[in-house]
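What the coordinates show
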Amino acid sequence: AQRAYFIFVLPLNLVFRFTIPDSEYDLFGEDKPGSPENRKKAYWLEFTMCIVHIAVSSHFLVFAAAKFGCLVGIPPAVMGLT
């Protein structure tokens, strides 16, 4: 069960790892703890990228739910309420 979960979640983990910077380290620097000024810049970029990921994933979730409602035959008014 753990292996199936790991394989299922791996693409999302890779996307998040490569698009959301780690604020513990310098923004474009080495693999050592960064200075507080560089970490403040990374905080805003990290926050912004998280908001972008939330927006994109919620868009696809609503799109998939609407398509599912059409396939099952649920009226759009009912889908909008639920």
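See the structure shown above.
Residues numbered from 1 in each chain as written. Predicted model: local features only at pLDDT ≥ 70, side-chain atom pairs only at ≥ 80, totals over all residues. Heavy atoms only, no water.

1. Structural notes on the overall build of the protein
Using the following cut-off: Helix numbers and strand numbers start at the N terminus; a helix is a DSSP run of H or I with at least 4 residues, a strand a run of E with at least 2. When accessible area is computed with a 1.4 Å probe and restricted to protein chains, residues below 20% of their type maximum are described as buried, those above 50% as exposed, and intermediate ones as partly exposed. What makes two residues a contact is simply this: any of their non-hydrogen atoms within 4.5 Å.
Helix and strand counts for the protein come out as three helices and zero strands. Walking the protein from its N terminus toward its C terminus, one meets helices and strands in the order α-α-α. Considering the protein as a whole, with its 82 residues, one finds that 11% of them fall into the buried category. Once local pairs closer than 6 in sequence are excluded, the contacts in the protein between residues at least 24 apart make up 31%.

2. Digging into the side chain of H53
Here H53 lies in helix α2 (residues 36-72). If we ignore the near neighbours within four places in the chain, the residues touching H53 are V15, F16, T19 and I20.

3. Let's talk about a nonpolar patch on the surface
Going by this rule: Like charges within 9 Å and nonpolar side chains (Val, Leu, Ile, Met, Phe, Trp, Tyr) within 5 Å are joined into patches, using only residues over 30% in relative accessible area that form no salt bridge. Each accessible area is a Shrake-Rupley estimate made with a 1.4 Å probe; only the visible protein chains count as cover when residues are assessed. Definition used for salt bridges: Asp or Glu carboxyl oxygen within 4 Å of a side-chain nitrogen of Lys or Arg.
Where nonpolar side chains cluster on the molecular surface, the patch consists of F6, I7, L10, L14 and F18 and spans about 550 Å² of accessible area. Note on placement: L10 falls in helix α1 (residues 2-19). Taking the relative accessible area as the measure of exposure, L10 reaches 33% and is therefore partly exposed.

4. Let's talk about α1
Every α-helix carries 3.6 residues per turn, so stepping three or four residues along brings you back to the same face. Going by this rule: Each residue after the first adds 1.5 Å to the expected span of a helix. What is called the bend at a residue is the angle between a pair of axes, fitted to the seven residues leading up to and ending at it and to the seven starting from it.
Between its first and last C-alpha atoms α1 spans 25 Å; for 18 residues at 1.5 Å apiece the expected length is 26 Å, and the two agree. The sharpest bend along α1 measures roughly 45° and falls at V9, with the proline P11 sitting one to four residues further on. For α1, the tally of buried residues reaches only one of 18 residues, placing the bulk of the element at the surface.

5. Regarding the packing of aromatic side chains
The description of two aromatic rings rests on the distance between their centres and on the angle between their planes. The following threshold applies: Aromatic pairs are defined between Phe, Tyr and Trp rings, using the six-membered ring for Trp, whenever the two ring centres lie within 6.5 Å; interplanar angles under 30 degrees are classed as stacked, those over 60 as edge-to-face, and all others as tilted.
Applying the stated criterion to the full structure yields one aromatic pair. Geometrically, the ring pair formed by W44 and F47 is edge-to-face, given 6.3 Å between the ring centres and 90° between the ring planes. Note that W44 and F47 are positioned in helix α2 at a spacing of three residues, about one turn of the helix.

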